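Geometric and topological summary
This is what each chain is made of:
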Amino acid sequence: QVQLVESGGGLVQPGGSLRLSCAASGSIRSINTMRWYRQAPGKQRELVANITYIGVTNYADSVKGRFTISRDNAKKTAYLQMNSLKPEDTAVYYCTADASTYISSGDFRVRSYWGQGTQVTVSS
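This is a predicted model, so every value here is computed, not measured. (Residues numbered from 1 in each chain as written. Predicted model: local features only at pLDDT ≥ 70, side-chain atom pairs only at ≥ 80, totals over all residues. Heavy atoms only, no water.)

**Looking at the state of the cysteines**
Evaluated as defined, the whole model comprises one disulfide. Residue pairing for cysteine 22: its cysteine sulfur links by disulfide to cysteine 95, the two sulfurs lying 1.7 Å apart. Handedness here is read from the sign of the S-S torsion; for cysteine 22 and cysteine 95, about 40 degrees, the answer is right-handed. Taken together, the residues cysteine 22 in strand S3 (residues 18-26) and cysteine 95 in strand S9 (residues 91-102) connect sequence positions 73 residues apart. What makes cysteine 95 buried here is its relative accessible area of 1%. (Disulfide = S-S within 2.5 Å. Helix = DSSP H or I, 4+ residues; strand = E, 2+ residues; numbered from the N terminus. Buried < 20%, exposed > 50% of the residue type's maximum accessible area, 1.4 Å probe, protein only.)

What follows is the structure, given as structure tokens:
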């Protein structure tokens, strides 16, 4: 059982900045890769960025140089710093986590978990 809660979304002007947070909780053994996705109305879901347990990152071309993904393993939290925001960044942003959970005293399983999403709107 893992819960992910995103926060930090809101309304900003073009060129502005936001920082999103994704906090994990539950009976977690370990969290591996964490990812940020976004989905705009009428469009396909898009992978924005991801980060491994040791901090290796990658980004979509559309956000490279503007967004930064990071994580705090002690807090079980991932972040997405978004700078130089554009209207086309408007979307619901979701975080995901590849996490293992215990199913018995000595066994566990790995699954991908999703948060509920947070709205980001970039408009004058």
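Moving on, there is more to tell.
**Concerning the packing of aromatic side chains**
Within this structure, the stated rule accounts for two aromatic pairs. A ring pair is formed by tyrosine 94 and tryptophan 114, whose centres lie 6.2 Å apart and whose planes are at 65 degrees; its orientation type is edge-to-face. With tyrosine 94 in strand S9 and tryptophan 114 in strand S10 (residues 108-114), this residue pair connects regions lying 20 residues apart in the sequence. Taking the relative accessible area as the measure of exposure, tryptophan 114 reaches 37% and is therefore partly exposed. The ring of phenylalanine 108 is capped by arginine 29, whose NZ or CZ atom sits 3.9 Å from the centre of that ring. (Phe/Tyr/Trp six-rings, centres within 6.5 Å; stacked < 30°, edge-to-face > 60°. Lys NZ or Arg CZ within 6 Å of the ring centre and 35° of its normal.)

**Re the pattern of salt bridges**
Here the structure, examined in full by the defined rule, presents four salt bridges. We note a salt bridge from arginine 35 to aspartate 98, for which the minimum N-O separation is 2.8 Å. With arginine 35 in strand S4 (residues 28-39) and aspartate 98 in strand S9, this residue pair connects regions lying 63 residues apart in the sequence. Overall, the relative accessible area of 14% leaves aspartate 98 in the buried class. One salt bridge in this structure joins arginine 66 and aspartate 89, with 2.8 Å as the shortest N-O distance. Taken as a pair, arginine 66 in the loop between strand S6 (57-59) and strand S7 (67-72) and aspartate 89 in the loop between strand S8 (77-82) and S9 lie far apart in primary sequence, 23 residues in all. On the basis of relative accessible area, arginine 66 is assigned to the buried category, the value being 11%. (Salt bridge = Lys/Arg side-chain N within 4 Å of Asp/Glu carboxyl O.)

**Quick notes on unusual backbone geometry**
Positive phi values are uncommon outside glycine, yet lysine 76 reaches one of about 55 degrees. Note that lysine 76 resides in the loop between S7 and S8. The exposure class of lysine 76 is partly exposed, given its relative accessible area of 34%.

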